[in-house]
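Structural overview
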Amino acid sequence: MTSFTITPLTGHTGAEVVGIDFTEPVDAETCTVLNRAFAEYHVLVMRDQDFDPDEFKAAAQLFGQLQIHDRKEQHVPGHPDVYYVSNDIFVNGKRMIPGETFHTDHSNHPAPPKATTLFAVELPSRGGDTQYVNMHDAYDDLPAATKRRIDGLKAVHVYQSKYSPRALSGLNEESRAKLPPPGVHPLVRTHPENGRKALFLNPVRMESIIGMDDDDALKLIDELMQHATQKKYEYRHQWRDGDWVIWDNRSVMHQANPDYDMNERRYLYRLMLKGEVPA
Ligand code: SIN
């Protein structure tokens, strides 16, 4: 097995992996150890990588199978299956910063992606951190009465909820035609690998909670979001050159920060990995 270290970054979320060059073949034992660490720490930060898009794709598949993004028109030139996030995307003259409020990815899918991964190609000199909050701990800490209230509730997740706190970049006709039917997901799901329960929330996509009127549903979602986004649940990733980060959408929500000099470029390759129907 390759010699490397895995070091926790907080007491609850995130671990740093040092000592592996992921452009080289990775043996099966190392792959198993990494996947176990992923289920335990929810966010892995692999330092000192240097990927072209194909190398990034190969490395990501150590953790699962690729899932194509809904917005197919936004991809690395020549690589239709490699998406990117960047601060130089403009829609109707307005700069769009993808992922600016807490969310989990593509929960509008009946089987949302289990993981999302970013590789830093170009970073601003400061700022542009990504924040993660631990949805297992957030669930565990809820009062028993709240747990009883939400266990069994299901929400309808669409591409963009009419109640979304922010607008998403639109889709072209082809991408829109390929959208799946809405995801109908429990508010509390159990992680298939670590066995822990987690809150499963996404105000960008949740349009209703089945059996509740919208005012009550929005109040409940707001209350749960306030709880889940407390600093005590957070790992805040400060990007370094060479960082490859992968996170578990079943365990954490994440958000981007547009708090840096927009004359500097922030550009990261982005891939998602297929997940299962939340249960
Ligand atoms: C996202 O994937 O939602 C964006 C995260 C980031 O750019 O920090």
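Each remark here, short or long, concerns the structure printed above.
In this report, the structure presented in the accompanying data block is examined. This is a predicted model, so every value here is computed, not measured.

Definitions and limits used
- Residues numbered from 1 in each chain as written.
- Predicted model: local features only at pLDDT ≥ 70, side-chain atom pairs only at ≥ 80, totals over all residues.
- Heavy atoms only, no water.
- 1 Å grid on protein atoms, 1.4 Å probe; cavity = no way out; pocket = protein on both sides within 12 Å on 5 of 7 lines; lining within 4 Å.
- Points joined across faces, edges and corners; volume = space filled by probe spheres on them.
- Nonpolar A, V, L, I, M, F, W, Y, C, P; charged D, E, K, R; others polar.
- Pairing = 2+ DSSP bridges.
- Helix = DSSP H or I, 4+ residues; strand = E, 2+ residues; numbered from the N terminus.
- Axes fitted to C-alpha atoms, helices over the stretch in contact; angles between N-to-C directions.

**Focus on empty space enclosed by the protein**
Taking a probe equal in size to a water molecule and rolling it over the atoms shows the remaining empty space. Throughout the structure, instances matching the rule amount to 1 cavity of 30 Å³ or more. In this structure, the largest cavity occupies an estimated 50 Å³ of space. Surrounding the largest cavity, I68, H69, R71, K72, Q74, H75, P80, D81, V82 and Y83 form its lining. Taken together, the residues of the lining of the largest cavity break down into 4 nonpolar, 3 polar and 3 charged.

**Side note on the sheet that holds strand 10 (residues 154–157)**
Taken in spatial order, the 3 strands line up as 11-10-14 in an open sheet, and their pairing is antiparallel. If you trace the sheet from one side to the other, it starts and ends with strand 11 (183–186) and strand 14 (206–209), each paired once. Neighbouring strand axes in the sheet, compared pairwise and without regard to direction, differ in orientation by 30° on average. Pairing of strand 10 with strand 14, which is carried by 3 bridges, proceeds in the antiparallel orientation. In the strand pairing of strand 14, A155 is matched with I209.

**Topic: the sheet that holds strand 9 (residues 130–134)**
Here we have 3 strands laid out as an open sheet, ordered 15-9-17, and antiparallel in their pairing. Taken across any chain shown, the strands that pair with only one partner, and hence form the sheet edges, are strand 15 (234–237) and strand 17 (252–256). Mean inter-strand twist for the sheet, computed between neighbouring axes without regard to direction, equals 20°.

**Examining the layout of surface pockets**
Roughly 610 Å³ of internal volume is contained in the largest pocket. If you trace the largest pocket, you find 37 residues lining it, with I97, P98, G99, R166 and L168 closest to the centre. Of all the elements in the fold, those that place two or more residues in the lining of the largest pocket are strand 5 (83–86), strand 7 (94–95) and strand 17. Looking at the lining of the largest pocket, its residues break down into 14 nonpolar, 13 polar and 10 charged.

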